[in-house]
Amino acid sequence: MASSLTKDSVTPGTPGSEKTFFGHPRGLATLFMTEMWERFSYYGMRALLPLYLVAPGGLHLSAATATAIYSVYVSLVYLLALPGGWFADRVLGPRKTVAVAGIIIMVGHLTLALPTSGTFFAGLGLVAIGSGLLKANISTMVGHLYDGPDDPRRDGGFTLFYIGINLGAFAAPLIIGTVGESVNWHLGFALAALGMALGLVQYLLGSRHLSARSSHVPTPLSAEEKTATLRKSAMWAAVAVVFYAIVGFSGHYTLNWLLVPITLAGLIIPIMVIGRIKRDKELDRVEQSRMSAYIWFFIAAAVFWMIYDQGGSTLSIFATTSAKNSILGWNFPVSWYQSVNPVMIMALAPVFAWLWLALNRRGKEPSTAVKFASGLLLIGASFFLFLAPLAIADGGHKAAAMWLVAIYFVQTVGELTVSPVGLSVTTKMAPAKYASQMMGVWFLAVTAGDATTALLSIAGVDLNKTGIVALEAALAAIAGVAVWMYRKKVKELMGDVH
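Caption draft 1: Up close: empty space enclosed by the protein. Within this structure, the stated rule accounts for one cavity of 30 Å³ or more. Of the voids in this model, the largest cavity is the one considered here, and its volume is about 50 Å³. Residue lining of the largest cavity: Ala63, Ala64, Thr67, Thr314, Ser457, Val461, Asp462, Leu463 and Asn464, and that is the complete set. Ranked by residue count, the leading element in the lining of the largest cavity is helix α2 (residues 63-79), at three residues. Classifying every residue of the lining of the largest cavity gives four nonpolar, four polar and one charged.

Listed below in structure tokens is the structure:
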């Protein structure tokens with residue numbers, strides 16, 4: 001990225017040299033490239049995952065089982081973001097934690113690349129652990145590059161960082177997906193490992209430009225706490241090993257013995273975390289009121305992500321057998337559908353940012369509740385739209401690719417009314433005591449949504465059937481209407497947060 005670095009005057013104390021990255025601290029180039037390559041590896045593998053699980057040349061599982069595994073995996077990534085943040089805060093600090101995360105992710109992808117089914121789930125677990133560690137901390141380090149929340153460059157820096165995420169997500173299915181589907185599944189997974197390796201090397205070489213704060217451990221564990229934590233961790237690990245050894249050697253082990261506990265954890269832990277914060281007697285009346293409002297947004301987000309993340313599983317599996325996957329006679333791999341969302345995000349995000357500002361100047365910007373209601377109605381509309389290609393497939397024909405592109409378009413518009421708005425409102429409504437933890441709580445909404453999808457799939461529900469798709473669409477629409485009807489009550493609970 002040397003060609004992108006320009007001489008510029010910078011704020012005193014900016015980490016690194018006087019060179020900048022498009023007017024931003026030079027460390028942003030390091031984090032931009034690290035996140036771009038990590039997202040390249042993550043989304044490339046994710047695009048291949050459900051296809052490999054159902055393919056005759058892959059694991060050849062049923063659609064329901066493949067959806068369950070995919071949903072559990074995504075749920076676990078976001079669930080592990082919470083302990084990932086804790087690990088950086090209490091043990092290694094963000095900078096070292098991200099380096100460790102990169103190594104774990106790379107090893108996980110290499111494990112997936114091994115041509116044996118026995119190592120496959122171990123590889124998935126490693127990638128999930130590494131992604132959880134990285135996701136929780138790399139954004140924190142972007143914030144460390146700036147002189148507090150009032151630094152005028154801060155929002156622009158996060159915007160550049162967000163572009164890096166979507167560049168990686170856009171390129172990954174086109175490259176990794178093509179190789180995995182057309183050449184060899186495991187070579188595709190190996191390419192994901194190469195992507196993470198490039199990101200890791202770049203991170204290690206450029207980490208000298210990061211803020212010194214990123215190496216700091218904010219609240220290190222005392223010797224007694226370390227001992228207690230290690231003892232508890234070892235005890236729970238031993239319980240798990242003994243339990244699964246008994247189940248395995250007794251001949252009763254099936255994949256559900258692994259999927260069901262993780263799925264239940266993905267539903268129970270978010271409820272426990274939200275409940276613990278809500279019951280905290282140290283929160284004042286205003287903070288309690290805001291948390292009551294936040295629960296509305298959390299539940300709405302969980303419903304949203306439950307449907308949205310099926311774009312990578314339910315829709316992708318549908319496309320393997322029931323879509324034409326060609327435009328103007330030109331055939332393309334199924335995994336390429338996963339590039340539609342990031343390219344639309346890059347195109348539409350600036351439009352939405354301009355729109356909210358323009359409406360705000362006129363005093364007509366919708367409230368957060370109205371934006372969430374709109375997102376739910378849109379995600380519901382995307383699945384009502386899904387009924388058309390399902391009907392075409394039921395009639396014995398293959399649906400045109402543009403039906404799926406239209407679904408992804410509607411979902412992307414919905415995402416832009418929920419995801420960035422949810423991130424913003426989370427930081428604004430967080431109680432002071434839980435300021436650093438609330439971003440992890442927001443990620444738990446994704447965990448809860450994907451865990452719900454996994455539970456349905458484990459129960460044998462075929463998510464590609466007209467009835468269940470219509471039911472999910474109706475659920476999202478009803479939730480959207482409910483949020484809209486109670487928008488004044490929610491706004492009242494939010495107090496002075498806008």
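Caption draft 2: Representation of the environment of alanine 172 in the model. Relative to the helices and strands, alanine 172 resides in helix α6 (residues 154-182). Taking the C-alpha atoms as reference, alanine 172 lies 12 Å from alanine 193; in sequence the two are 21 residues apart. Setting aside its immediate chain neighbours within four residues, alanine 172 contacts Phe40, Tyr43, Gly44 and Gly177.

Caption draft 3: Quick look at the packing of aromatic side chains. Under the defined criterion, the tally for this structure stands at 26 aromatic pairs. Judged by centre distance (5.5 Å) and plane angle (90 degrees), the ring pair of tyrosine 52 and phenylalanine 189 falls under edge-to-face. In this pair, tyrosine 52 sits in helix α1 (residues 27-54) while phenylalanine 189 sits in helix α7 (residues 185-206), placing the two residues 137 residues apart along the sequence. On the numbers, 4.9 Å between centres and 45 degrees between planes, the contact of phenylalanine 297 with phenylalanine 372 is tilted. Taken together, the residues span a long stretch of sequence, with phenylalanine 297 in helix α10 (residues 285-308) and phenylalanine 372 in helix α13 (residues 368-394) at a distance of 75 residues. There is no split in this pair, since phenylalanine 297 and phenylalanine 372 are both buried. Each residue in the set Tyr52, Phe120, Phe121, Trp185 and Phe189 is aromatic and connected to the rest through ring pairs, giving one cluster. Just above the ring of tyrosine 42 sits the side chain of arginine 39; from NZ or CZ to the centre is 4.2 Å. Note that lysine 371 overlies the ring of tryptophan 356, its terminal NZ or CZ placed 4.2 Å from the centroid.

Caption draft 4: Local environment of the side chain of arginine 39. Within the element layout of this structure, arginine 39 appears in helix α1. Its relative accessible area of 3% is what places arginine 39 among the buried residues. At 2.7 Å, the side chain of arginine 39 forms a polar contact with the side chain of glutamate 38. Setting aside anything within four residues of it in sequence, one finds arginine 39 in contact with Gly44, Lys135, Ile165, Gly168 and Ala169.

Rules used in this analysis
Residues numbered from 1 in each chain as written. Predicted model: local features only at pLDDT ≥ 70, side-chain atom pairs only at ≥ 80, totals over all residues. Heavy atoms only, no water. 1 Å grid on protein atoms, 1.4 Å probe; cavity = no way out; pocket = protein on both sides within 12 Å on 5 of 7 lines; lining within 4 Å. Points joined across faces, edges and corners; volume = space filled by probe spheres on them. Helix = DSSP H or I, 4+ residues; strand = E, 2+ residues; numbered from the N terminus. Nonpolar A, V, L, I, M, F, W, Y, C, P; charged D, E, K, R; others polar. Contact = heavy atoms within 4.5 Å. Phe/Tyr/Trp six-rings, centres within 6.5 Å; stacked < 30°, edge-to-face > 60°. Buried < 20%, exposed > 50% of the residue type's maximum accessible area, 1.4 Å probe, protein only. Lys NZ or Arg CZ within 6 Å of the ring centre and 35° of its normal. Polar contact = N/O pair within 3.5 Å; in protein donor to acceptor, adjacent residues only side chain to side chain.

Keep in mind that these numbers describe shape and distance, not what the molecule does.
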